[in-house]
Amino acid sequence: MMRAVVKGAASILAHTPDLVLLGSKPTREIPRFDGLRDECMAHLRSHEEAVAYAPNQAFIGSIRPDRLADVGKPWYEHPIEGAAREGPYGEIMPEDEFYGLMKAADVFDLIWLEEGFLSRVAAKLQGHPLLGDLAGLEGGKAISEVEEKLDRGEALPLNFNGELVGCVCRAHEEDEDLRAEVILEGLAVKASAFLALRHLLARVSPTDPRDVDYLLDFGEEAIGDRYQRGGGNMAKAVGEMAGCLNASGADVKAFCCAPMHAIASAAALIQAGIFKEIALVGGGSLAKLGMKFQFHIKKDMPILEDVLGGIAILVGEDDGVSPVIRTDAIGMHRICAGSSAREVYEEVVVKPLDKLGKRIIDIDKYATEFHNPEVTVSAGRPDTPLINYRALGALAALRGEIGRGEIDDFVRKHGMPGFSPTQGHIPSAIPFMGHARDMIMGGEIENAMFVGKGSLFLARMTNLSDGVSVILERNPALKGGD
Amino acid sequence: MFAGKNVVAFGERDGVQGPAIAKCLTAAGANVVFAVTECVV
């Protein structure tokens, strides 16, 4: 039977400080308090600062997440010396280029950029090693046209370094689901997902885009109109932009758990022989920019939720070297299962391990939620990765696999610090995919388990949460050590 | 200590979820009038 393998994973960030003001929380809070907008602007980071930020370097693969334990805290005061924009899995794109990318992603003339700004950005993107072929970077507007559009209330402003450089227009006069805010959210997803997919296919795992025959988008954002809110299909839109001309696709929705559902589904489709190369894509969440900005301002620290994330993963037929997805041990949180941490982990972690005759401690590394704790703890929230690793360690102790006093050792050995921006589906296990693939292929670890969880209850249709796990392990063709 | 008490339970996805809290408190004799789980990250 054909096995499914992970042939590569790309992770990108787009540093978008001006878009922080258009995040859901800042949009609601800034109008309520005099001076808050200025305070927000004063606490935004430069692109250089975002590049040198250690968790961001881990995200693009320049350092292993474990190395964060050795970086001084707070991380934002301990930049990585000589940090580069490009890393093994992707890049950290500056905001002006990202506006250009959104312009290229826009096929309905909804992103208007001032002509001088657009020509400068187009020149930068044409010089980008992976983006020289981008189309749609013409048709700049006079700034007066942009201002008139804004004055009529038909658009949202796009600023760069606090200066107006363009706008995003609504796509319909009355449709709430096509207003400018929603269009911007969708184009931010499309552009960031495209950038990750381009890195994946052009650099991380060189593949002719025409050889991709299916795409699955695992992002949380809903695209559609008033008659089919969330109708989709972002996967196909991203695939079109990336030149995956022979592919079709669909969106997988399950909040932050969607990436794991997508990986499990892709592996099944490969193993069934239906497709040979499946690209999984997810773009960044505009709404989540600046979610905790007031806490960060109060602590006089930079607003760290200033990046959009994008991840792309290539799942394909067994190539004899890439890590294998164990489709015989996919963990699923069934509807009948309970919601306590123990019940969730029994269901999603222990049951699939039991199928393989493995113990919890037989998995070398666990990828759970990777929310950067510097972002959350400063806002009075928990260190989410840590509490998940502790819950797993406690379960291992309950099962007698380790002693009760060894839980911290378990966390150090089988876990890692959180290193992802708080972008919903983005921090959900998958930022470790590129690292895991390289660590498995390099012989550092034998296997890794990816555990995704989803907050289904937020949609108020159920009180259920979600959970799916996937085990990745060294390709058996490599056993014996080569 | 919860017998006969009206309870509003707020849970967290990665901590203790609302239905789990409600189940415990109901077993302890409380009247759970509202239970919800939120995602705080």
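### Looking at the overall build of chain B
Part 1 of the reasoning: Within chain B, the secondary structure is distributed over one helix and two strands.
Part 2 of the reasoning: Reading chain B from its N terminus to its C terminus gives the helix and strand order β-α-β.
Part 3 of the reasoning: Buried residues in chain B amount to 32% of all 41 residues.

### Section: the domain arrangement of chain A
Residue and element names in this part refer to chain A.
Part 1 of the reasoning: When cut into domains, chain A gives domain 1 (4-317) and domain 2 (324-478).
Part 2 of the reasoning: Taking only C-alpha atoms into account, the centre of domain 1 sits 25 Å from that of domain 2.
Part 3 of the reasoning: Every contact between the two is made by 52 residues of domain 1 and, on the other side, 43 residues of domain 2.
Part 4 of the reasoning: Looking at the side of domain 1 that touches domain 2, the elements that each hand over two or more residues are strand 1 (4-15), helix 4 (54-59), helix 10 (258-271), helix 11 (293-298) and strand 10 (307-317).
Part 5 of the reasoning: Here the side of domain 1 that touches domain 2 is composed, by residue class, of 35 nonpolar, ten polar and seven charged.

### A short note on the confidence of the model for chain B
Part 1 of the reasoning: With 100% of its residues at a pLDDT of at least 70, chain B reaches an overall mean of 91.
Part 2 of the reasoning: In the predicted complex, the global pTM is 0.96; the interface-specific ipTM is 0.82.

### Let's talk about the interface of chain A and chain B
Part 1 of the reasoning: At the junction of the two partners, chain A supplies 18 residues and chain B supplies twelve residues.
Part 2 of the reasoning: With three residues, the top contributor of residues to the side of chain A that touches chain B is helix 14 (residues 384-398) of chain A.
Part 3 of the reasoning: By residue class, the composition of the side of chain A that touches chain B is four nonpolar, eleven polar and three charged.

The rules behind the values
- Residues numbered from 1 in each chain as written.
- Chains lettered and ligands numbered in written order.
- Predicted model: local features only at pLDDT ≥ 70, side-chain atom pairs only at ≥ 80, totals over all residues.
- Helix = DSSP H or I, 4+ residues; strand = E, 2+ residues; numbered from the N terminus.
- Buried ≥ 20, exposed ≤ 12 C-beta atoms within 10 Å, placed from the backbone.
- Domains from an automatic or database assignment.
- Contact = placed C-beta atoms within 7 Å.
- Nonpolar A, V, L, I, M, F, W, Y, C, P; charged D, E, K, R; others polar.
- pLDDT = per-residue confidence, 0-100.

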